[in-house]
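# Reading the structure
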Amino acid sequence: MTRRTVIITVSVLIVGMVSTALALLHTQMALRWTANEIQARSGGSLQIGSVNGSLAGPVTLQDVTIKTRDYHARIARVTLRWIPLELLVNRLAVTSLMLDQVELTLTPASSSQSWQLVKPIPPHLPVVVVINDLSITGMQLNAPQLAEPLQIAQVNSAAQLNNHEWNLSRLAVEGQGVHIHGHGAWEVRDGEELDAGLVWNLLLPNQPAFAGEMILTGSDQKLLFDLSLHAPGGMHLQAEIHNLFTAPHWRGELQLTHWQLQRFNSALPNVDAGGSAQFAGTPADTQFTGALDAHDPQTGDWQGLLALQYRKAELEVKQLQLTRQTTRTRFELQGKVGLADAIPAPDLHGQWEGLALPFTGKTWLRSPRGTLQLQSKSRHIPLNLNGSPR
């Protein structure tokens with residue numbers, strides 16, 4: 001056999017193999033086999049109702065269910081369009097990935113589990129993944145912390161992932177009362193760096209509108225966190241977080257301006273409050289100390305001091321003192337508030353001097369001095385007052 005014949009034969013075999021592979025890409029049988037393999041390897045966490053299309057695209061999956069310890073997701077339809085030939089240059093190029101009618105349910109965390117942030121470990125990717133357009137249409141978010149489901153009309157993003165960097169170049173979330181825009185980049189190699197930003201406008205059911213922005217820069221060894229809130233009140237939080245995924249600890253400062261309590265609950269006093277606090281600690285034990293200023297149109301200006309400690313799903317109020325020098329009025333509160341359940345469980349006690357009886361709203365009903373006790377019993381919160389009107 002001559003050399004020319006060998007070359008021709010090998011070329012024909014290569015062309016035949018490529019043609020066969022391309023032909024398989026356009027068959028639904030190959031797509032169904034791939035979907036079955038993915039389901040089998042998921043260990044039961046992924047279920048696909050039906051598969052249509054071919055591996056060459058577009059691929060349509062219907063009735064997709066994902067179950068993990070942290071969340072359950074149901075997706076009515078997933079549509080994938082990609083460029084298979086990009087695999088020849090080590091790129092998985094997804095032109096569009098569309099998810100329709102998504103229901104995401106976050107499972108309640110066990111109160112007995114300690115707080116722990118697990119460092120994300122990126123999978124070893126044999127190719128660079130590029131998603132030009134990821135869109136979600138019609139999403140419902142269920143969470144134990146939400147009184148009713150959060151409806152999101154549209155999510156749109158673009159991303160690129162490889163073994164060294166994850167880059168989210170565009171993120172937009174729109175819905176009824178929800179407007180979020182952001183970006184992010186994370187280098188996952190040695191000496192990894194994080195640079196992310198987020199701007200949001202959020203209106204939750206039965207809550208005031210929240211608007212603000214957040215910036216994260218640094219690494220998991222030293223991460224700088226900067227959070228600003230423009231509504232319903234002004235807030236600026238700066239924190240320095242060390243050893244985020246190993247032995248996290250932090251320190252920082254929180255500043256508040258023009259927080260009107262009635263925006264959160266119409267039954268609260270018409271008070272415009274502000275102040276600053278310093279904090280330091282770990283996820284299991286963090287302490288806050290600071291000063292408060294408040295203005296009540298009926299009673300005037302107040303000054304306050306606070307010392308709080310958060311430890312294992314419990315907030316200890318070591319000191320909460322409000323004074324008004326012009327009338328020698330003083331109010332003090334101490335105790336603990338359990339935060340393990342969705343509804344806080346207070347066990348607080350306090351005393352006052354020269355103050356209208358707390359929470360009655362009756363400015364003419366005054367007491368030279370008295371005590372109060374606030375306790376949670378069977379999800380009812382009785383308020384016991386001990387004072388004498390004058």
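This text gives an overview of the structure that appears in the document. (Residues numbered from 1 in each chain as written. Predicted model: local features only at pLDDT ≥ 70, side-chain atom pairs only at ≥ 80, totals over all residues. Heavy atoms only, no water.)

Another aspect to go through is the overall build of the protein chain. What the protein chain contains, in helices and strands, is two helices and 21 strands. By residue count, 31% of the 390 residues in the protein chain fall in the buried class. Residue pairs at least 24 apart in sequence account for 34% of intrachain contacts in the protein chain once pairs closer than 6 positions are excluded. Of the roughly 24000 Å² that the protein chain leaves accessible, carbon and sulfur atoms contribute 58%. (Helix = DSSP H or I, 4+ residues; strand = E, 2+ residues; numbered from the N terminus. Buried < 20%, exposed > 50% of the residue type's maximum accessible area, 1.4 Å probe, protein only. Contact = heavy atoms within 4.5 Å. Areas by Shrake-Rupley, 256 points an atom, 1.4 Å probe, with all protein chains shown as cover.)

The final tally for this structure, using the stated rule, is one aromatic pair. Ring centres 5.8 Å apart and planes at 40 degrees place the aromatic pair Phe279 and Phe288 in the tilted group. For Phe279, a relative accessible area of 11% gives the class buried. (Phe/Tyr/Trp six-rings, centres within 6.5 Å; stacked < 30°, edge-to-face > 60°.)

Core analysis: the biggest nonpolar cluster contains 38 residues, and Leu61 and Phe225 have the highest contact counts within it. Membership of the second largest hydrophobic core comes to seven residues, among which are Phe331, Leu348, Trp352 and Leu372. (Core = buried A, V, L, I, M, F, W, Y, C linked by side-chain atoms within 4.5 Å.)

Take the environment of Ser96 next. One can find Ser96 in strand S4 (residues 91–106). According to the relative accessible area criterion, Ser96 is buried, its value standing at 11%. Along the chain, Ser96 and Leu134 lie 38 residues apart, while their C-alpha atoms are 5.9 Å from each other.

Per the stated rule, a full pass over the model turns up ten salt bridges. Notably, a salt bridge pairs Arg91 with Glu86, separated by 3.0 Å at the nearest N-O pair. Among the salt bridges present, the one from Lys336 reaches Glu314, with a minimum N-O distance of 3.8 Å. Residue Lys336 is located in strand S18 (residues 329–338), and its partner Glu314 is located in strand S17 (residues 314–324); the two are separated by 22 residues in the primary sequence. Using a relative accessible area of 38% as the deciding quantity, one classes Lys336 as partly exposed. What makes Glu314 partly exposed here is its relative accessible area of 32%. (Salt bridge = Lys/Arg side-chain N within 4 Å of Asp/Glu carboxyl O.)

Turning to the pairing of strand S2 (residues 59–67), a few remarks are in order. Relative to S2, strand S1 (residues 46–53) runs antiparallel, the two being bridged by seven bridges. Its bridge partner being in S2, Gln47 is matched across the sheet by Thr65. Between the antiparallel neighbours S1 and S2 lie five residues, among them Gly57 with a positive phi of about 95 degrees. Strand direction decides the pairing type here: S2 and strand S3 (residues 71–83), joined by eight bridges, are antiparallel. Each bridged residue has a counterpart across the sheet, and for Thr60 the counterpart in S3 is Thr79. Between S2 and S3, which pair antiparallel in sequence order, lie three residues. (Pairing = 2+ DSSP bridges.)

This brings us to the environment of Leu97. Along the chain, Leu97 turns up in strand S4. Accessibility expressed as a relative area gives 21% for Leu97, which makes it partly exposed. Sequence spacing of Leu97 and Pro58 is 39 residues, and the spatial spacing of their C-alpha atoms is 9.8 Å. Contact partners of Leu97, with chain neighbours within four places excluded, come to Val78, Thr79, Leu80, Asp133, Leu134 and Ser135.

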